[in-house]
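Here are the chains, one letter per residue:
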Protein chains: 2
Amino acid sequence: MRTLRLTIAYDGTDYAGWQFQPDQPTVQQTLETALEKVTGQRIRVLASGRTDAGVHALGQAVRVETESSLPADVLRRALNANLPDDIAVLDVTEVPEGYHPTSDVVRKRYRYVIHDGPVRDVFHRRYCWHYIYARLDAEAMHRAAAALLGKHDFRSFETSGAERATSVRTIFDISVRRGRAGREGLDAGGVSPGHCDVAETGAGEGGYLPHAEREECITIEVEADGFLYNMVRAIVGTLVEVGRGRRPESWPGEVLRAMNRRAAGPTAPPQGLFLVRVEY
Amino acid sequence: MRTLRLTIAYDGTDYAGWQFQPDQPTVQQTLETALEKVTGQRIRVLASGRTDAGVHALGQAVRVETESSLPADVLRRALNANLPDDIAVLDVTEVPEGYHPTSDVVRKRYRYVIHDGPVRDVFHRRYCWHYIYARLDAEAMHRAAAALLGKHDFRSFETSGAERATSVRTIFDISVRRGRAGREGLDAGGVSPGHCDVAETGAGEGGYLPHAEREECITIEVEADGFLYNMVRAIVGTLVEVGRGRRPESWPGEVLRAMNRRAAGPTAPPQGLFLVRVEY
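Quick caveat, the model's predicted, so the values are computed rather than measured. (Residues numbered from 1 in each chain as written. Chains lettered and ligands numbered in written order. Predicted model: local features only at pLDDT ≥ 70, side-chain atom pairs only at ≥ 80, totals over all residues. Heavy atoms only, no water.)

**A look at the overall build of chain A**
What counts, and what does not: The helix count covers DSSP runs of H or I at least four residues long, the strand count covers runs of E at least two residues long, and both are numbered beginning at the N terminus. For each residue, the accessible area found with a 1.4 Å probe, counting protein chains only, is set against the maximum for its type, and the residue is called buried under 20%, exposed over 50%, and partly exposed in between. For this analysis, residues touch if any pair of their heavy atoms sits within 4.5 Å. Note on areas: these come from Shrake-Rupley sampling with a 1.4 Å probe, and a residue is covered only by the protein chains present in the view.
Each helix and strand in chain A was counted, giving five helices and 10 strands. By residue count, 59% of the 280 residues in chain A fall in the buried class. Of the contacts made within chain A by residues no fewer than 6 positions apart, 74% connect residues no fewer than 24 positions apart. For chain A, the accessible area works out to roughly 11000 Å², and carbon and sulfur atoms hold 47% of it.

**With respect to the packing of helix H1 (residues 27–39) of chain B against helix H2 (residues 72–82) of chain B**
Residues and elements named next belong to chain B. Put simply, the rule is: Structural elements are reduced to axes, namely lines fitted to C-alpha atoms, with helices fitted over the stretch in contact, and the angle between N-to-C directions of any two is expressed from 0 to 180 degrees. Note on angle classes: values under 35 degrees are labelled roughly parallel, values over 145 roughly antiparallel, values of 65 to 115 roughly perpendicular, and the remainder oblique. Handedness of a helix crossing follows the sense of rotation of the near helix relative to the far helix, less than a right angle counterclockwise being left-handed and clockwise being right-handed. Amino acids outside the nonpolar list (Ala, Val, Leu, Ile, Met, Phe, Trp, Tyr, Cys, Pro) and the charged list (Asp, Glu, Lys, Arg) are all regarded as polar, and Gly is one of them.
Between H1 and H2, the least distance of the axes is 9 Å, while the angle of their chain directions is 120 degrees. Compared by their axis directions, H1 and H2 come out oblique. Here H1 and H2 pass one another in a crossing that is right-handed. From H1, Ala 34, Leu 35, Lys 37, Val 38 and Thr 39 reach across to H2, where they touch Leu 75, Ala 78, Leu 79 and Asn 82. Taken together, the residues that form the contact of H1 with H2 break down as six nonpolar, two polar and one charged.

**Section: the packing of aromatic side chains**
The relative placement of two aromatic rings is captured by the distance of their centres and the angle of their planes. What counts, and what does not: Pairing of aromatic rings covers Phe, Tyr and Trp, the last counted by its six-membered ring, and requires centre-to-centre distances within 6.5 Å; plane angles under 30 degrees mean stacked, over 60 mean edge-to-face, and any other angle means tilted. Should the NZ of a Lys or the CZ of an Arg lie within 6 Å of a ring centre and within 35 degrees of the ring normal, that charge is described as sitting over the ring.
Evaluated as defined, the whole model comprises 18 aromatic pairs over all chains. Relative to Tyr 133 of chain B, the ring of Tyr 131 of chain B has its centre 5.2 Å away and its plane inclined at 80 degrees; by these criteria the two rings are edge-to-face. Judged by its relative accessible area of 59%, Tyr 133 of chain B falls in the exposed class. Among the aromatic residues, those joined into a ring-pair cluster are Tyr 112, Trp 129, Tyr 131 and Tyr 133 of chain A. Seen from the ring of Tyr 99 of chain B, Arg 5 of chain B lies directly overhead, with NZ or CZ sitting 5.3 Å from the centre. One cation-aromatic arrangement involves Arg 44 of chain B over Phe 20 of chain B; the distance from NZ or CZ to the ring centre is 6.0 Å.

**Description of the pattern of salt bridges**
Residues and elements named next belong to chain A. Under the convention used in this document: For salt bridges, the criterion is a side-chain nitrogen of Lys or Arg within 4 Å of an Asp or Glu carboxyl oxygen.
Here the structure, examined in full by the defined rule, presents 42 salt bridges over all chains. Measuring nitrogen to oxygen at the nearest pair gives 2.6 Å for the salt bridge that ties Arg 107 to Glu 223. Residue Arg 107 is located in strand S5 (residues 107–115), and its partner Glu 223 is located in strand S9 (residues 217–224); the two are separated by 116 residues in the primary sequence. For Glu 223, a relative accessible area of 1% puts it in the buried group. A salt bridge links Arg 111 to Glu 221, with the nearest nitrogen and oxygen atoms 2.3 Å apart. One end of the pair, Arg 111, is in strand S5; the other, Glu 221, is in strand S9, with 110 residues separating them in the sequence. The burial state of Arg 111 is the same as that of Glu 221; both residues are buried. One connected set of salt bridges, linked through shared partners, spans Arg 107, Arg 109, Arg 111, Asp 173, Glu 221, Glu 223, Arg 277 and Glu 279.

**Structural notes on the confidence of the model for chain A**
All names here are of chain A. What counts is decided by this rule: What pLDDT reports is the predictor's confidence in each residue, on a scale of 0 through 100.
In this model, chain A carries a mean pLDDT of 88, and residues with pLDDT of at least 70 account for 88%. In the model, residues 181–213 has pLDDT below 50 throughout and makes 125 contacts with residues more than four positions away in sequence or in other chains. Interface predicted TM-score (ipTM) for the complex: 0.83; the corresponding pTM is 0.87.

**Observations regarding the domain arrangement of chain A**
Residues and elements named next belong to chain A. Applicable threshold: Residue ranges for the domains originate in an automatic or database domain assignment. Note on definitions: buried area is the accessible-area loss of two parts on being combined, 1.4 Å probe, summed for both. By the criterion applied in these results, polar contacts are pairs of N or O atoms within 3.5 Å in which, for protein atoms, one can donate a hydrogen and the other can accept it, and in which residues neighboring in sequence qualify only through two side-chain atoms.
Along its sequence, chain A is organised into domain 1 (2–94) and domain 2 (107–279). Listed by partner, the interface residues are 17 residues for domain 1 and 17 residues for domain 2. Summed over both partners, the interface of domain 1 with domain 2 buries about 1200 Å², with 53% contributed by carbon and sulfur atoms. Of all residues in domain 1, the largest losses of buried area upon contact with domain 2 belong to Asp 52, His 56 and Leu 58, amounting jointly to 42% of the total for that side. The tally of links from domain 1 across to domain 2 stands at three salt bridges. Its salt-bridge partner being Arg 233, residue Asp 52 comes within 3.6 Å of it at the nearest N-O pair. Counting the contacts that link domain 1 with domain 2 gives 11 residue pairs in polar contact (both at pLDDT 80 or more). The residue inventory of the side of domain 1 that touches domain 2, partitioned by class, reads five nonpolar, eight polar and four charged.

Now the structure itself:
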């Protein structure tokens, strides 16, 4: 038996999340179906964590235990040939037999993209939260987020219902910035696919989103040793209350200390969220 | 009666093109339905030109003749509230009564995006041609395209079936470049939404498309006084033959002079094509 770690990307729009559900398209089931076609075996895969309906992944990690002797790269190509266009296997790596995709996680990084311009972005609507109520103050959000850095009990930012031994997690990095998420400053750098680069299309006068409006995008990045259920989305919903000026910059820290989900802001919608990468 | 020019953007993926067709979703019909909801009138709109199924627009121009007295900006907002997420009205402008969206066109600009990396881009698959057969030589394509500049009979690049008085058109600008379509060099500049900026997501090791592969995108821009049916897609299909090394750089010029559609390369698929803007 070989143990493999697949790194996969998916557009979560048309899935009821990662985890298998009867009568609903899920990423897990779609991947298992492709694996069966390629290897002839029914394989139950395990991811680094579930993603909810509509949430995307740039680099989800998935454990596959298989008898197949196909070389890793052949397997990757064969899987891609048997997967729909909205799921891609980026990498297949042999890992030691004891590898556990959930409990072995050292760090995970998420990105959340908000578009706060007045006109919806037809090309990125599936990949951002179009926040139409106010232009957000990204710098205030960034300062407010600093209170969440470090090791804390994050139960204020947890939707109940998921199993976990503890609600203590450590956030290593959290940032909020307006505009393109450049390589500078961010650990891995880069630009979100959900990022509203379409604002830069510059179709000219009377054209698509003028250049002056290219700064209509806010990118929030959070890296931690693990995340509670809906934690990033609850953090984003809380920071947005600061960004629109309804709460002071000190508020997210108060929410954290309250240790009560009702203290926090609403859960931000799923389509702005990307699982960026998982480190082991 | 007022005459208005709407500038609209749309993601063409889920439409059978611009033009009304019975029992098929079209951009025209969807816009007319929204106009009827907002103004109470059935209005037949006219665009600067049809776009085919799957083709996108960053700045399509549409004429609306209406009795409505709604101010332009109120009309814009009301239309956006009544349109699906994949169509957006960017601008509403009052124009003189004689305005004709087709015959008054002075210049039109199209963009075509090719992704020639090995692994599909799950977030841009709807907005580019994923060309998997070869890494293309964008510089050779750019040099070859220069033969098409100026006033020519472009019938070699026309799919038959559309009405037109003549197949003579003038191309003012044509460029092929690898990587992000930066502002430099291009008239309007900017980045295509179909552009594979996702290559820059840099999810890090084992993550989404490493930085080294960020140059997996080719952007072709063409500006002309008008276009024949499928002209941009036939030009792209022809340039790609040069880019993959099957034809010499002199070939597109020869195709032009042949004045025979069968002399040209295949028609590139629709999802990579964007109507960028229309100038009057």
